[in-house]
Amino acid sequence: MMTDTNGASPDEGSGLELDVLALAGRWSAGGRRLALATVVETWGSAPRPTGSHLIIDDEGRFEGSVSGGCVEGAVIAEALDVIETGSPKMLDFGVADETAWRVGLSCGGRIRVYVEPVLR
Amino acid sequence: MRRDLIDAVNAERAARRAVLTVTDLATGNQRLVREAEIGRDPIAELLERAIRSGKSGIVEGPEGESFVNVYLPPVRIVLIGAVHISQALAPIARLAGYDVEIIDPRTAFATPERFSGFELHAEWPDVVLRTRPLDAYTAIALITHDPKIDDGPLIEALKSGCFYIGALGSRKTHARRLERLKEAGIADHLTSRIDAPIGADIGAASPGEIAVAIMASIIEAFRKRKMFAERRGEQAGE
């Protein structure tokens, strides 16, 4: 994630990482339909701290991260559903949770991700 | 999250103030709490704890489970002195993800060629800091080696509670600096915050090595959240 800020224009990123919420404001102002995913709880070694954001638009374009890339694919798929229905969802990811989710965290941690629509 | 909440969070951060959002996980209801409004909130104590640690998380309030997200302003590093160390420190700071700006009134040092791509002010620090004041989310390193340039912003940094204040110079140089600060009426408990000799004690000798040592100290000060305790006049907790 940190390396994502390299080469970003000052407008796109500021502070310690890509400013996902600033980008969400601009994407939304530009008329895109969006979902915002947020890490709300972590157990064990989790790659991104609580509060980390991933934004997804209705075409599946995304910025930010909620893990080291392990579960983003699944979050994006759920986010498209959230954009359609307008209802938030809570997602749980763990390393041993392979029946519920085909993806998991190879680091052995567990995370909970809240996915909500961005309402205009 | 509603667009107006997102815009409000972004506006607060741009104004260099911390802000929180509280999401009721059962209903999805959300509210924004500005730093100055925490005292009036129904879960003030929990929010105070969250903003102090800088950590987001789920809290159990009287109305059930809520997720509290803490948004801090972007952290910036101010380098007083467009010297050789700064030429190494600026790109290191950027790689680590921090905003950086360099201030030096000596136009021979503060040239765009030496700091290509970085925010550079060839002016006296007090002039620049008047429009871009120091605050608790700012680290400052004083590295001109010239008291005429360093002392003004150093006193300003001590008063405004910068989360890291480092000053270049040997123990002898620093002892003389402390004497000058004492004469200027700055209290001992403030001057004891100055990191001097500057940077992590790794035996750094070259400008690049000293830059790495300074960056390590800045990261430590920020990640260990000493600034939140010190802002409230408490002992820094580890």
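The rules we used
Residues numbered from 1 in each chain as written. Chains lettered and ligands numbered in written order. Predicted model: local features only at pLDDT ≥ 70, side-chain atom pairs only at ≥ 80, totals over all residues. Heavy atoms only, no water. Pairing = 2+ DSSP bridges. Helix = DSSP H or I, 4+ residues; strand = E, 2+ residues; numbered from the N terminus. Axes fitted to C-alpha atoms, helices over the stretch in contact; angles between N-to-C directions. 1 Å grid on protein atoms, 1.4 Å probe; cavity = no way out; pocket = protein on both sides within 12 Å on 5 of 7 lines; lining within 4 Å. Points joined across faces, edges and corners; volume = space filled by probe spheres on them. Expected span 1.5 Å × (residues − 1). Buried < 20%, exposed > 50% of the residue type's maximum accessible area, 1.4 Å probe, protein only. Contact = heavy atoms within 4.5 Å. Polar contact = N/O pair within 3.5 Å; in protein donor to acceptor, adjacent residues only side chain to side chain. Core = buried A, V, L, I, M, F, W, Y, C linked by side-chain atoms within 4.5 Å. Buried area = accessible area lost by both parts, 1.4 Å probe. Salt bridge = Lys/Arg side-chain N within 4 Å of Asp/Glu carboxyl O.

Let us look at the sheet that holds strand E7 (residues 110–117) of chain A. Residues and elements named next belong to chain A. Strand order in the open sheet made by the 5 strands is E5-E4-E3-E7-E6, with antiparallel pairing throughout. Two strands lie at the open edges of the sheet, namely strand E5 (62–64) and strand E6 (89–94), each paired on one side alone. Geometrically, the sheet is characterised by an average inter-axis angle of 20° between neighbouring strands, direction not taken into account. Inspection of the sheet shows strand E4 (residues 53–57) paired to E5 by 3 bridges, in the antiparallel sense. In the sheet register, Leu54 faces E5, and the bridge partner there is Gly64.

Turning our eyes to something else, we now look at empty space enclosed by the protein. One pass over the full model with this rule turns up 1 cavity of 30 Å³ or more. By volume, the largest cavity is sized at about 40 Å³. Lining of the largest cavity is provided by Thr38(A), His53(A), Tyr114(A), Glu116(A), Met1(B), Thr21(B), Thr23(B), Gln30(B), Phe67(B), Asn69(B) and Tyr71(B). Broken down by secondary-structure element, the contributors of at least two residues to the lining of the largest cavity are E7 of chain A together with strand E1 (19–24) and strand E4 (64–71) of chain B. Among the elements that make up the lining of the largest cavity, the one with the highest residue count is E4(B) (3 residues).

Moving on to helix H5 (residues 147–160) of chain B. Residues and elements named next belong to chain B. A rise of 1.5 Å per residue sets the reference length of H5, with its 14 residues, at 20 Å; its end C-alpha atoms lie 19 Å apart and thus fit the reference within 8%. Along H5, the positions that sit buried rather than exposed are Ile149, Asp150, Asp151, Pro153, Leu154, Ile155, Ala157 and Leu158. Elements in contact with the buried residues of H5: strand E5 (76–80), helix H4 (125–131), strand E8 (138–142), strand E9 (164–167), helix H6 (171–183) and helix H7 (188–191). Put simply, Asp146 is the residue that caps the front of H5, since its side-chain oxygen is 2.9 Å from the backbone nitrogen of Lys148. Downstream of H5 by a residue or two, Gly161 has a phi angle that is positive, lying close to 70°.

With that out of the way, let us pick up the environment of Pro91(B). Residues and elements named next belong to chain B. Along the chain, the position of Pro91 falls in helix H3 (residues 84–96). Residue Pro91 is classed as partly exposed on the basis of its relative accessible area of 33%. Counting along the chain gives 24 residues from Pro91 to Phe115, while the straight-line C-alpha distance between them is 9.4 Å. Aside from chain neighbours lying at most four places away, what touches Pro91 is Ser86 and Phe118.

Our focus in this paragraph is the nonpolar core. All names here are of chain B. The biggest cluster of nonpolar side chains holds 30 residues, and the ones touching the most others in it are Ile77, Ile85, Phe163, Tyr164, Ile198, Ile214 and Ile218. Counting only elements with at least two residues in this core, the list comes to E5, H3, strand E6 (99–103), E8 and helix H8 (207–223). Ranked by the residues each element gives to this core, the list is headed by H8, at 7 residues. Residue contacts for Ile214: discarding those within four places in its chain leaves Ile85, Leu89, Ala141, Ile143, Tyr164, Ile198 and Gly199. Membership of the second largest hydrophobic core comes to 19 residues, among which are Val128, Leu154, Ile165 and Ile194.

This part is about the interface of chain B and chain A. Chain B puts 29 residues into the contact, and the matching count from chain A is 28 residues. Interface of chain B and chain A: buried area, both sides summed, is about 2,100 Å²; carbon and sulfur atoms make up 56% of it. Of all residues in chain B, Met1(B), Arg3(B) and Ile6(B) give up the largest surface area on contact with chain A, accounting jointly for 27% of the area buried on that side. In this assembly, chain B and chain A are joined by 1 salt bridge. Elements with a contribution of two residues or more to the side of chain B that touches chain A: helix H1 (3–14), strand E3 (57–61), E4, H3 and H8 of chain B.

Take the pattern of salt bridges next. All names here are of chain A. The final tally for this structure, using the stated rule, is 25 salt bridges over all chains. For Glu84, the salt bridge identified is with Arg33, shortest N-O distance 2.9 Å. Residue Glu84 is found in helix H2 (residues 72–85), and its partner Arg33 is found in the loop between helix H1 (20–29) and strand E3 (34–43); the two are separated by 51 residues along the sequence. The exposure class assigned to Glu84 is exposed, which follows from its relative accessible area of 55%. Since its relative accessible area comes to 38%, Arg33 is described here as partly exposed. Across the pair Asp81 and Lys89 runs a salt bridge whose closest N-O atoms are separated by 2.7 Å. Connected via shared salt-bridge partners are Arg32, Asp57, Glu59 and Arg61.

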